[in-house]
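The chain contents come next:
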Amino acid sequence: MNGNIQSIQDAIRTCLESSKAPIPSKIGDEKNKWTVEALEEVLLENYANIVSVRGRKFIRDEFTLYNIHRVAEWLKNDSKDGLLLYGEVGTGKTTLMRSLFQVLKIDLRRKVDILTAFQLVELFQHRDIDSYPFEYEKNVDFLFIDDAGVEPDYCCIWGTEYEPMRDLLAYRYDTRKYTIISSNLGNEELIQKYGLRIFDRMIETYDRITYEFEGYRKNPL
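A. Just the overall build of the protein chain, in detail. Assigned secondary structure in the protein chain consists of eight helices and seven strands. Out of the 221 residues belonging to the protein chain, those deemed buried represent 42%. Partitioning the intrachain contacts of the protein chain with sequence separation of at least 6 by distance along the chain shows that 81% fall at a separation of at least 24.

B. Up close: helix α7 (residues 164-175). End to end, α7 covers 16 Å across 12 residues, agreeing with the expected 16 Å (1.5 Å per residue, within 8%). Just downstream of α7, Arg-176 is the residue with a positive phi angle, here 60°.

C. Quick look at the side chain of Arg-172. Within the element layout of this structure, Arg-172 appears in helix α7. Among buried charged residues, Arg-172 stands out as having no salt bridge; its nearest opposite-charge side chain is Asp-141, 7.0 Å away. Within the local environment of Arg-172, its side chain forms a polar contact with the backbone oxygen of Lys-138, the two atoms lying 2.9 Å apart. Sequence-distant contacts of Arg-172, defined by excluding residues within four places in its chain, comprise Glu-137, Lys-138, Asn-139, Val-140, Asp-141, Phe-142, Leu-143, Lys-177, Tyr-178 and Thr-179.

D. View of the nonpolar core. Judged by nonpolar contacts, the single largest core of 31 residues is most densely connected at Leu-75, Leu-100 and Phe-144. Listed by contribution, the elements that provide at least two residues to this core are α2 (36-53), α3 (62-76), β1 (82-87), α4 (93-107), β2 (112-116), β3 (142-146), β6 (178-183) and β7 (206-211). Top element by residues in this core is α2. It accounts for seven residues. Other than its neighbours up to four places away in sequence, Leu-75 contacts Lys-26, Ile-27, Leu-39, Leu-100, Val-103, Leu-104 and Leu-108. Core analysis: the next-biggest nonpolar cluster, separate from the first, contains 26 residues, Tyr-86, Met-165, Leu-190 and Ile-198 among them.

E. Seen up close, the packing of α7 against helix α8 (residues 187-205). Orientation of α7 relative to α8, taken along the N-to-C sense of each, is 20°, at an axis distance of 10 Å. Classified by the angle between their axes, α7 and α8 sit roughly parallel to one another. As for how α7 packs across α8, the hand of that crossing is left-handed. Only Gln-192, Lys-193, Tyr-194, Gly-195, Arg-197, Ile-198, Arg-201, Met-202, Glu-204 and Thr-205 of α8 make contact with α7, whose side of the interface consists of Met-165, Arg-166, Leu-169, Ala-170, Tyr-173 and Asp-174.

F. Structural context of unusual backbone geometry. Unusually for a residue other than glycine, Asp-147 sits at a positive phi of about 55°. For Asp-147, the position within the fold is in the loop between β3 and β4 (155-157). Despite not being glycine, Arg-176 shows a phi value in the positive range, around 60°. Within the secondary structure, Arg-176 sits in the loop between α7 and β6. Residue classification places Arg-176 among the buried residues on the basis of a relative accessible area of 16%.

G. The arrangement of the confidence of the model for the protein chain in detail. The predicted model of the protein chain has a mean per-residue pLDDT of 85, with 83% of residues at 70 or higher. Residue range residues 15-19 is modelled with pLDDT below 50. Its contacts to residues more than four positions away, or to other chains, number zero contacts.

H. Expanded view of the packing of α2 against α4. In contact at an axis separation of 8 Å, α2 and α4 are set at 125° when each is read in the N-to-C sense. When the axis of α2 is compared with that of α4, the two are oblique. For α2 against α4, the interelement crossing comes out right-handed. In this structure, α2 uses Val-42, Leu-43, Asn-46, Tyr-47, Ile-50 and Val-51 to contact α4, whose residues at the interface are Thr-95, Leu-96, Arg-98, Ser-99, Leu-100, Gln-102, Val-103 and Asp-107. Partitioning the contact of α2 with α4 into residue classes produces eight nonpolar, four polar and two charged.

Cut-offs applied
Residues numbered from 1 in each chain as written. Predicted model: local features only at pLDDT ≥ 70, side-chain atom pairs only at ≥ 80, totals over all residues. Heavy atoms only, no water. Helix = DSSP H or I, 4+ residues; strand = E, 2+ residues; numbered from the N terminus. Buried < 20%, exposed > 50% of the residue type's maximum accessible area, 1.4 Å probe, protein only. Contact = heavy atoms within 4.5 Å. Expected span 1.5 Å × (residues − 1). Lys, Arg positive; Asp, Glu negative; His and termini not counted. Salt bridge = Lys/Arg side-chain N within 4 Å of Asp/Glu carboxyl O. Polar contact = N/O pair within 3.5 Å; in protein donor to acceptor, adjacent residues only side chain to side chain. Core = buried A, V, L, I, M, F, W, Y, C linked by side-chain atoms within 4.5 Å. Axes fitted to C-alpha atoms, helices over the stretch in contact; angles between N-to-C directions. Parallel < 35°, antiparallel > 145°, perpendicular 65-115°, else oblique. Left-handed = near helix turned anticlockwise from the far one by under 90°. pLDDT = per-residue confidence, 0-100. Nonpolar A, V, L, I, M, F, W, Y, C, P; charged D, E, K, R; others polar.

Written as structure tokens, this is what we have:
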């Protein structure tokens, strides 16, 4: 009996996975040109430049190099739609996110945009008849969401309550758009913020990089 139930569950899971829209290559037509090593190199160069512009010294520690390698692998591999960088404050999450943003935009010429979660909610609230930028963010090929978790859970428009971030994340999951998120929240806090349904989808389709050490800002370089 248990074997039959398992077979049915496996069949349902296979059916659901096959019904999803095909996912395009993250890199595009030049996929064969870019190795993981080549992607690591440009990510590392961008990362170091961002740190330098902030007036700080870039240190090639093993943790940063390992995370850059993981992001390069995510970029090369098309099996995961999302990337979640989460954990302690000041650990380099946003720096790595912005490095990836530059590689996608400049080196790979992909359609990308980057906003904070708070800015996304603001876009949703300030709609007008002629333009709706929130709709663009929902559908852009690569959407970078910084500081997820600091935005309001709800917004109210003409007496109706909306959950912009939950709706956006659910939509991008269903349409298989690439989403890159940074957050200072942990697993339990993310579940509290976005609900178990959204977090479960993150577990399914996002590569996750956890930052558990004390932030760099607490120890000036």
